[in-house]
Amino acid sequence: YFTTWVIAHPWRQPYKGLFYALALVYLVLGISREIWQKSIADQLMLILFVFVITFCLTVTLKNINSIANKTARTSAISIMIVSASMLPAILLALMFPSLKPLLFGIYFLALSITIMTFLFMEFVRLGRSEVVKNKELVLEDLQEYHITEREFAVIRLIGQGLTNKEIASQLGISANTVNNHVANIYGKTQVRSRIDLLNLLKQSW
């Protein structure tokens, strides 16, 4: 959930309703288990837990390459590894119920460490961005993406908040040409929107 909702936020919107529904079902099952002490509720919670882990792993794996933030991508991979290792642990917990507290404790400890590491690295990155926020972006900063001079000119104008039509007018080219440049930029930088592109530019300073 953390991976898909917080780190991999560009594609979280389609699943927003599903996440809320799953959270509500899990809450109801948890309350039912505590009130009526029904083992069936515990089993259903475990099944739901496995489904959520599998679902999040699938979504993250499918979109992992589109996470522009390197820290976020590394954290997402780490969470995927930790969560994937939890699936066989759940099977062990089903066969040996006495091991469940230990196995779940280890899992959530590892997950918490991964999340806290991600948050720490993000705070460090934000601190660095404050230091370099006044630095002017140059073409060499985007060398790894093989951005052309014309594409760089488009990027700078995007950074100034101009629309594609305004960029076309500024550069003396057609709007279709600007659209093509923007599409090429998105493809080279593996982003999906202007917001993602601007975030990537901040990281490139």
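What counts, and at which threshold
Residues numbered from 1 in each chain as written. Predicted model: local features only at pLDDT ≥ 70, side-chain atom pairs only at ≥ 80, totals over all residues. Heavy atoms only, no water. Helix = DSSP H or I, 4+ residues; strand = E, 2+ residues; numbered from the N terminus. Buried < 20%, exposed > 50% of the residue type's maximum accessible area, 1.4 Å probe, protein only. Contact = heavy atoms within 4.5 Å. pLDDT = per-residue confidence, 0-100. Salt bridge = Lys/Arg side-chain N within 4 Å of Asp/Glu carboxyl O. Expected span 1.5 Å × (residues − 1). Arc of directions from axis to C-beta.

Colleague: Can you walk me through the overall build of the chain in this structure?
Modeller: When its secondary structure is counted, the chain shows 9 helices and 0 strands. The secondary structure elements of the chain, listed N-terminal to C-terminal, are α-α-α-α-α-α-α-α-α. Expressed as a percentage of its 205 residues, the buried residues of the chain come to 38%. When contacts within the chain are restricted to residue pairs at least 6 apart in sequence, long-range pairs at least 24 apart make up 61% of them.

Colleague: Any chance you could explain the confidence of the model for the chain here in plain terms?
Modeller: Per-residue confidence for the chain gives a mean pLDDT of 77, with 81% of residues at or over 70. Within the chain, the element-level pLDDT minimum falls on helix H1 (residues 2-7), averaging 52, and the maximum on helix H8 (residues 175-189), averaging 92. Counting contacts from residues 130-134, a segment whose pLDDT is below 50, to residues more than four positions away or on other chains yields 2 contacts.

Colleague: Would you take a moment to explain the pattern of salt bridges for this structure?
Modeller: For side chains of opposite charge, pairing can occur when their charged atoms come near one another. The final tally for this structure, using the stated rule, is 1 salt bridge. Between Glu 151 and Lys 188 there is a salt bridge; the shortest N-O distance is 2.9 Å. You can see Glu 151 sitting in helix H6 (residues 149-159) and its partner Lys 188 sitting in helix H8, a full 37 residues away along the chain. Given the relative accessible area of 31%, Lys 188 is considered partly exposed.

Colleague: Whenever I open this one, H8 confuses me. Can you help?
Modeller: Because each turn of an α-helix spans 3.6 residues, side chains separated by three or four positions end up pointing in the same direction. End to end, H8 covers 21 Å across 15 residues, agreeing with the expected 21 Å (1.5 Å per residue, within 8%). Buried residues of H8: Val 178, His 181, Val 182, Ile 185, Tyr 186 and Thr 189, and no others. On an axial view of H8, the arc spanned by its buried residues comes to 135°, and they lie on one face. Of the residues trailing H8, Gln 190 is marked for its positive phi of about 60°.

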